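# Observations on chain architecture
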Amino acid sequence: MNPIANNLALALSFFLCISFLPLLNALPDITKTCDKVKHKELCIGSFKESYLGRYVPDNAEPEVLASVIIKIVVNNASDVSRNLKTTVLEGPVPLTPEVRAKYGICDQEVVSAMKELDKVRTAMEAGNHRLEKLNMKAAVTNTENCENELKQVEAQLPDKKQFGEVTVLKELLENIDDIIKTVG
C-alpha cells in the first residue's frame, strides 16, 4: 500500500475509534451497576462466579444484567429449595414436627419467589416496569417470609448453613430489586 493510503486508513481507523468512544462510556459496566445495589460485593461476586455471567460483556445495559442476574438467582433458589427438601427427607437427624413444618413453609416461599422471578422476567421483556416492581416486591417478601420461618426455629436447625443460604437468596433478590428501580 502506498503512504497516502496508509495515512488515510490510519486516520479513518482513528476517527471510527473516537466516534464510538462516547457510546462505550455511556454504557454501565457490571461494577457500575452493582455499585447501585445494597449488597455490592455479592452482586459482583455472584455475577462473575456464575457461568451465565461470563458471557455478558462488561458494558451490557442494566436490563441485560438484571435478566442474567435473575437467571443466576433462580438457579440459586432452586439449590436452596433442593437443600431444604433434602434436609427434611434425608437429614442427618430427625426433625421435630415444628421444624419440619417450618422447612416446608420456607420451601413453599422459595418456590413462590422463583415463580415471581419468572413473572419479573416476562414483565421486563414486555417493558412493563410497574409489573416488574410488583413481582419483584413479592419475590423479596417470599424470601423474607422463609427467613422468618427459619428464625423461629433457628436453635433447632440441624444445618445452620441453610439459614445463610436463605439470607443470601434474599440479598440477591434485593440486588435485583435495586437494579430494576434504577432502570425504570
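Given the structure is predicted, the values throughout are model-derived calculations rather than measurements.

What follows covers the environment of Gln 108. Looking at where Gln 108 falls in the secondary structure, it is placed in helix α5 (residues 97-126). When its relative accessible area of 53% is taken as the criterion, Gln 108 is described as exposed. Sequence separation between Gln 108 and Asn 145 is 37 residues, and the spatial gap between their C-alpha atoms is 9.9 Å.

Glancing now at the nonpolar core. Most often, soluble globular proteins keep nonpolar side chains buried together rather than apart. Formed by 45 residues in total, the largest nonpolar core has its most connected members in Phe 47, Val 73, Leu 117, Met 136, Leu 173 and Ile 176. Here this core takes 12 residues from helix α4 (residues 62-90), the largest share from any one element. Apart from residues no more than four positions distant in its own chain, Met 136 is found in contact with Leu 117, Val 120, Leu 173, Ile 176, Asp 177 and Ile 180.

Moving on, we come to the confidence of the model for the protein. As a general rule, the predicted coordinates of low-pLDDT regions are not to be interpreted in detail. Looking at the protein, the pLDDT average stands at 79 and 83% of residues meet or exceed 70. Of all secondary-structure elements in the protein, the lowest mean pLDDT belongs to helix α1 (residues 3-26), at 37, while helix α6 (residues 129-152) reaches the highest, 94. Scored below 50 in pLDDT, residues 2-28 shows 11 contacts in the model against residues more than four places distant or in partner chains.

Calculation criteria
Per chain, the residues get numbers from 1 upward, laid out in the order the sequence is written. In view of the model being predicted, local features appear only for residues whose pLDDT reaches at least 70, and side-chain atom pairs are presented and counted only at 80 or more, with totals across whole chains, interfaces and linings using the full set of residues. The basis for the side-chain values is all heavy atoms of the structure; hydrogens and waters are excluded. Helix and strand definitions here come from DSSP, where helices need a minimum of 4 consecutive H or I residues and strands a minimum of 2 consecutive E residues; each element is numbered from the N-terminal end. Exposure categories follow from relative accessible area, calculated using a 1.4 Å probe and restricted to protein chains: below 20% of the type maximum is buried, above 50% is exposed, and the middle band is partly exposed. Definition of nonpolar core: a set of buried residues of the types Ala, Val, Leu, Ile, Met, Phe, Trp, Tyr and Cys, connected through side-chain atoms within 4.5 Å. In what follows, residue pairs with any heavy atoms lying within 4.5 Å of each other are defined as contacts. Along the chain, pLDDT gives the predictor's confidence residue by residue, from 0 to 100.

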